[in-house]
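Understanding the architecture of this molecule
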Amino acid sequence: MESAGLSEILAEWTDFDVAGYRLCKFLGVIPPERSFGSMKGHFWIDGFPLGIMVDEILESMVKAGVLQKNDDPQYRWNPVQPDPDEPLDQEPLPPLR
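Notes on the structure in this doc start here. (Residues numbered from 1 in each chain as written. Predicted model: local features only at pLDDT ≥ 70, side-chain atom pairs only at ≥ 80, totals over all residues. Heavy atoms only, no water.)

Here we come to the overall build of the protein. What the protein contains, in helices and strands, is four helices and three strands. Each of the 97 residues in the protein was classed as buried or not, and the buried ones make up 23%. For the protein, restricting intrachain contacts to residue pairs at least 6 apart in sequence, the fraction spanning at least 24 positions comes to 41%. Entry remark: accessible area of the protein is about 7000 Å², with carbon and sulfur atoms responsible for 55%. (Helix = DSSP H or I, 4+ residues; strand = E, 2+ residues; numbered from the N terminus. Buried < 20%, exposed > 50% of the residue type's maximum accessible area, 1.4 Å probe, protein only. Contact = heavy atoms within 4.5 Å. Areas by Shrake-Rupley, 256 points an atom, 1.4 Å probe, with all protein chains shown as cover.)

Here's what the structure looks like:
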């Protein structure tokens, strides 16, 4: 059985904590047996490294044009594929350390 790609997993507007959970599951960061309810606090409470990581990844994906973000905040896959050769028209991301 082929698993869904991230574009399918985040196809619809999704609350930030659910989007983070789905992203982590997709990346294999969260074990398959861990439910959303058991992980939700990691995305809401300051100081959890997993929540910080996910927030940075989601925001980087928005800046790159891969995801869209609304005011709720919710995320979804951008239905218009960004041009990977087009430079950012906003503040660049900080360099990786």
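The discussion continues.
What follows deals with the packing of helix α2 (residues 16-27) against helix α4 (residues 49-63). Between two packed helices, the angle of one axis relative to the other and the distance separating the axes together describe the packing. Contact pair α2 / α4: the axes reach a minimum separation of 10 Å and the direction vectors enclose 95°. Taken together, α2 and α4 sit at an angle that is classed as roughly perpendicular. Contacts between α2 and α4 involve Phe16, Ala19, Gly20, Leu23, Cys24 and Leu27 from the first element and Leu50, Met53, Val54, Ile57 and Leu58 from the second. (Axes fitted to C-alpha atoms, helices over the stretch in contact; angles between N-to-C directions. Parallel < 35°, antiparallel > 145°, perpendicular 65-115°, else oblique.)

Tracing the sequence through the fold places Gly65 in the loop between α4 and β2 (67-69). Sequence separation between Gly65 and Gln81 is 16 residues; the distance between their C-alpha atoms is 7.7 Å. Beyond its immediate sequence surroundings of up to four residues, Gly65 is in contact with Asn78, Val80 and Pro82.

Summarising the sheet, strand β1 (residues 14-15) and strand β3 (residues 74-77) pair through two bridges and their orientation is antiparallel. In the strand pairing of β3, Thr14 is matched with Tyr75. Pairing analysis gives three bridges linking β2 to β3, with the strands arranged antiparallel. Each residue of the ladder has a partner; that of Lys69, found in β3, is Tyr75. (Pairing = 2+ DSSP bridges.)

Further remarks concern the sheet that holds β3. Reading across from one edge, β1-β3-β2 is the order of the three strands in this open sheet, with antiparallel pairing throughout. Of all strands in the sheet, those with a lone pairing partner are β1 and β2, marking the two edges. α4 contacts β2 and β3 of the sheet and is inclined by roughly 100° relative to β2.

The first and last C-alpha atoms of α2 sit 16 Å apart over twelve residues, in line with the 16 Å expected at 1.5 Å per residue. If you check which residues of α2 are buried, you get Asp17, Ala19, Gly20, Tyr21, Leu23 and Cys24. Elements that come into contact with the buried residues of α2 comprise α1 (6-9), β1, α3 (36-44), α4 and β3. Immediately beyond the C-terminal end of α2, within one or two residues, lies Gly28, with a positive phi of roughly 85°. (Expected span 1.5 Å × (residues − 1).)

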